[in-house]
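Okay, here's what each chain looks like letter by letter:
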Amino acid sequence: MLCKLAATDKKFKWSIALNYVAILVAFLLLWLPEIQHYWVSPKAPSEDVISALRQAPSKQTLETLASISLEVPTGIERNDVVNAAEELLSGRLQLRRFEPVQVTVPFTKANLNKGLPTMRLHIASLVSLRILLRAYHTTAQEKFYTAARDELLAFAAFERRQILPEGMLWNDHAIASRISPIIDFWAIYRERHDFDVRVSREILLLVTRSAEFLARDDHFTYRTNHGVMQSIALLQISAAFPQLPGAQRYRATGCSRLVDQMEYYISPEGITLEHSAEYHELGRYLLGTAISLFELNGCIIPSAWKGKLALAEEFSRLLWRPDGTLPVFGDTHYIPPSRPDLQTSFFSFTSGFKPWGKSYGSPGMKAVFFPVSGYSIWWHGSYISGSYEDVSQTVIAWSHYPSRAHKHADEMSLLIWSGGQTWVTGTGYWPYGLPGRNSVEGWRGSNAPHFRGEATNNPRKTEILGFVEKGAVRAIDIRRTLSEGSNSLRRQIFEIDGRHWVIVDSANELNRIAETLWTFGPEINLKGLSRNAFLLSSPITNKTMLVSLLGNSDPTIFVHRASIEPFGGWVVVDGKPTEAPAIEVRQPSNGSIAMTVFSLLESRSGVVLVSQPTAWFHDANFWQVNIPTQSGFIVLTRKGMDVTVTKPGASYASFSMKAVSTPVAAKEKIIEKYYEVAEKFPRFKSLITYRNRASWLYLFAIVGQELLFLTFRRWIPLRWRPRLRSVASVLWVGGGIAVAEWYFDV
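Below, the structure is looked at part by part. (Residues numbered from 1 in each chain as written. Predicted model: local features only at pLDDT ≥ 70, side-chain atom pairs only at ≥ 80, totals over all residues. Heavy atoms only, no water.)

### Some remarks on the side chain of Ser563
Mapped onto the secondary structure, Ser563 falls in the loop between β17 (556-561) and β18 (570-573). With near-sequence residues (within four places) excluded, Ser563 lies in contact with Gly568 and Trp570. (Helix = DSSP H or I, 4+ residues; strand = E, 2+ residues; numbered from the N terminus. Contact = heavy atoms within 4.5 Å.)

In structure tokens form, the structure reads like this:
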């Protein structure tokens, strides 16, 4: 009997041990995918490699590579960098557009979780190292060098010990953008008299670990500019540290990925397909940088790249206005005319590119159409002797590519700038982490016509029905169709003399409300003249614009300013949401027509002459509007595809809207390449938050299991206890497999 009891007791102990092994297996199944995804373990470089890297490449090459900036612009000007470094040493990190945060120098883990997401990106990108090194270059003060060295070593030691990410430690953009300051530090350190092999090994190990992350297929962000930056960073590493064991692989990986990605990142028209004026500027910079790095690394430059770069520069010249502002579509920062300093803050990568001036002149009377990329830009007037009072720019956007990078739902939206004032704008680059970001990415971040409650990411296509340029008259006819049926919205845009804009919106869905939210520059004053007429006045240019809302049925009109629900009346200035005037127009979509007329008003003896236009409608193809001017009426008439414009003094123009063939083949080639690359690089979906929750459930399950065994111990025969533990073990392993394979879908 005693022997049986001893044997049973031994089995029971073994069953308990196996039960906890099964629990460990369940935890391992839960966390192993994350650990594998973030696991890199390269060898530290040998002394021979370190010695070789002290000799080559040249200092000039390292300085060139260090000057390639992939950071989010900090807004710290050259003459402010020393003050910024002093504040950093005292524990205060102050970047433009962000509230200051308290940080620890040298680096600690807590730094990674300070501020809004973009501030955290800055910190993970080693903005502190960048600031300290810039201060050292400016002053040659040893304290800045010492602080930079200690900051880098503390960060490298922390990063090497991590198994799972903390904050944005291993964010793709963060890893790519911290390569430049590391190269900058290495260029200094390798020549110092106090050079230490142990310190250099720590730095080079961080470089190698970063390269391994950047080179891994499951970390490659093929969808956006982040992937381009990852590849550029790999080429920086291979050129700056050519003796590292993986340098050849980094070079080959960076070059091949860039060749693939540039086919859908930048269109054949030279336009960055990230749905944003600001990100076109970044794309132009990255393409030029890629060409330079291909030359430096001995990679074959694709024949189309230099041509694309020239076209990208031409598109940039069409985008930039003479007052240093950009049209705000997609994630683009709004720059007030009174704050030209913000141009450097937001677009530091464009330094040296001057689209306006003696070397380039001005676009003049030009209307340019980009059917593949999905834009049209109309310029009126000339930039003469530094004056742009009579210059205007109109931008129409309908770009929509599968990456949806930095896109707002804005197909068929319209932007108007004239004489130094942004009159009609989008909301702009709403900060990540702030409430309202989803609304801005949706239809209410632009003035595109849409159905009330329409989803941001619904399948849809936009086509050009007609386009014409006839002297000082430009017109475009666009239709957006929803994929769930024949429901569509249509917008006709006419510009006359760069002073009058007529927009005709219509929809063919019977049971929905169509709406448009017109947002104006935040410095503009809005005054209601009547239920359907408003006066906009600019304190910057002292000009006024009349907004008239007409139609074949009475639209419902709302005025918004800094409204959260419904969202409206916001423009992001200097990274901060700022109240702005906005007018919302709602109309039934059963054949009704909404016409909006924007007219820059003339003044006589300092008195603004206000007279409202009138219109009649038969349907969206047959209508007329009479626009009053100081010398008489401009009459715009549409009858089918025929358009006539009669101006005061019997000036007359008649033309037909030209049907535009959609470049289906060119667009399909871009989209096919995008999905081809997507199949090569399936993205790992990190689910750390959900795994943490599951881990807590596992812990509660362990406690529950033990409480059950303890509660029913006296009623469970001794011989059954090992069997029950074995059943529990099977349940733990089976449950762990089920959770890992089905719930987390890994």
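Next comes the rest of the write-up.
### Observations regarding the packing of aromatic side chains
In this structure the tally under the stated criterion is 32 aromatic pairs. On the basis of an interplanar angle of 55° and a centroid distance of 6.2 Å, the ring pair of Trp186 and Phe241 is categorised as tilted. One end of the pair, Trp186, is in helix α9 (residues 179-189); the other, Phe241, is in the loop between α11 (225-240) and α12 (247-265), and 55 residues separate them in sequence. For the pair Trp186 and Phe241, a shared accessibility class is recorded, and that class is buried. Where Tyr429 meets Tyr432, the ring centres are 6.3 Å apart and the plane angle is 80°; that geometry is what we call edge-to-face. Owing to a relative accessible area of 11%, Tyr429 belongs among the buried residues under this scheme. Taken together, Tyr136, Tyr145, Phe185, Trp186, Tyr189, Phe195 and Phe241 form an aromatic cluster joined through their ring pairs. In this structure, Arg257 packs its charged tip against the face of Phe220, placed 4.3 Å from the ring centre. (Phe/Tyr/Trp six-rings, centres within 6.5 Å; stacked < 30°, edge-to-face > 60°. Buried < 20%, exposed > 50% of the residue type's maximum accessible area, 1.4 Å probe, protein only. Lys NZ or Arg CZ within 6 Å of the ring centre and 35° of its normal.)

### Some details on the sheet that holds strand β15 (residues 533-537)
Read from one edge of the open sheet, eight strands run β9-β10-β11-β12-β21-β16-β15-β14, paired in antiparallel fashion. Single-partner strands in this sheet number two, and they are β9 (460-470) and β14 (525-530). Across this sheet, the average inter-strand angle for adjacent strands is 15°, counted without regard to direction. Taken together, the seven bridges between strand β16 (residues 544-551) and strand β21 (residues 593-600) define a ladder with antiparallel strand orientation. Along β21, the bridge assignment pairs Leu546 with Ser599. (Pairing = 2+ DSSP bridges. Axes fitted to C-alpha atoms, helices over the stretch in contact; angles between N-to-C directions.)

### Things to note about a nonpolar patch on the surface
Together, Trp696, Leu697, Leu699 and Phe700 make up an exposed nonpolar region whose accessible area comes to about 500 Å². Along the chain, Leu699 turns up in helix α18 (residues 688-711). (Patch = residues over 30% accessible without salt bridge, like charges linked within 9 Å, V, L, I, M, F, W, Y side chains within 5 Å. Areas by Shrake-Rupley, 256 points an atom, 1.4 Å probe, with all protein chains shown as cover. Salt bridge = Lys/Arg side-chain N within 4 Å of Asp/Glu carboxyl O.)

### Describing the packing of helix α3 (residues 59-66) against α9
Contact geometry for α3 and α9: axes closest at 8 Å, N-to-C directions at 155°. Relative to α9, α3 is oriented roughly antiparallel. Two packed elements cross with a definite hand, and for α3 against α9 that hand is left-handed. Contacts between α3 and α9 involve Leu62, Leu65 and Ala66 from the former and Ser180, Ile183, Asp184, Trp186 and Ala187 from the latter. A breakdown of the residues in the contact of α3 with α9 according to their chemical character gives six nonpolar, one polar and one charged. (Parallel < 35°, antiparallel > 145°, perpendicular 65-115°, else oblique. Left-handed = near helix turned anticlockwise from the far one by under 90°. Nonpolar A, V, L, I, M, F, W, Y, C, P; charged D, E, K, R; others polar.)

### Some words on the nonpolar core
Note on soluble globular proteins: their nonpolar side chains tend to be buried together. Among the nonpolar cores identified, the biggest contains 109 residues, and Leu93, Ile131, Ile237, Phe241, Leu258, Met262 and Leu286 are the most heavily contacted of them. If near-sequence neighbours (up to four positions away) are discounted, Ile131 is found in contact with Ile76, Val81, Ala84, Ala85, Leu88, Leu93 and Leu95. Counting residues in each nonpolar core, the second largest holds 35 residues, with Met412, Ile464, Ile503 and Val585 among its members. (Core = buried A, V, L, I, M, F, W, Y, C linked by side-chain atoms within 4.5 Å.)

### As for the side chain of Ser276
Counting through the fold element by element, Ser276 comes out in the loop between α12 and α13 (277-297). At a separation of 2.8 Å, a polar atom in the side chain of Ser276 contacts the main-chain carbonyl oxygen of Asp331. Among residues more than four places away in sequence, those in contact with Ser276 are Phe329, Gly330, Asp331, Thr332, Tyr375 and His406. (Polar contact = N/O pair within 3.5 Å; in protein donor to acceptor, adjacent residues only side chain to side chain.)

Geometry only, nothing functional implied.
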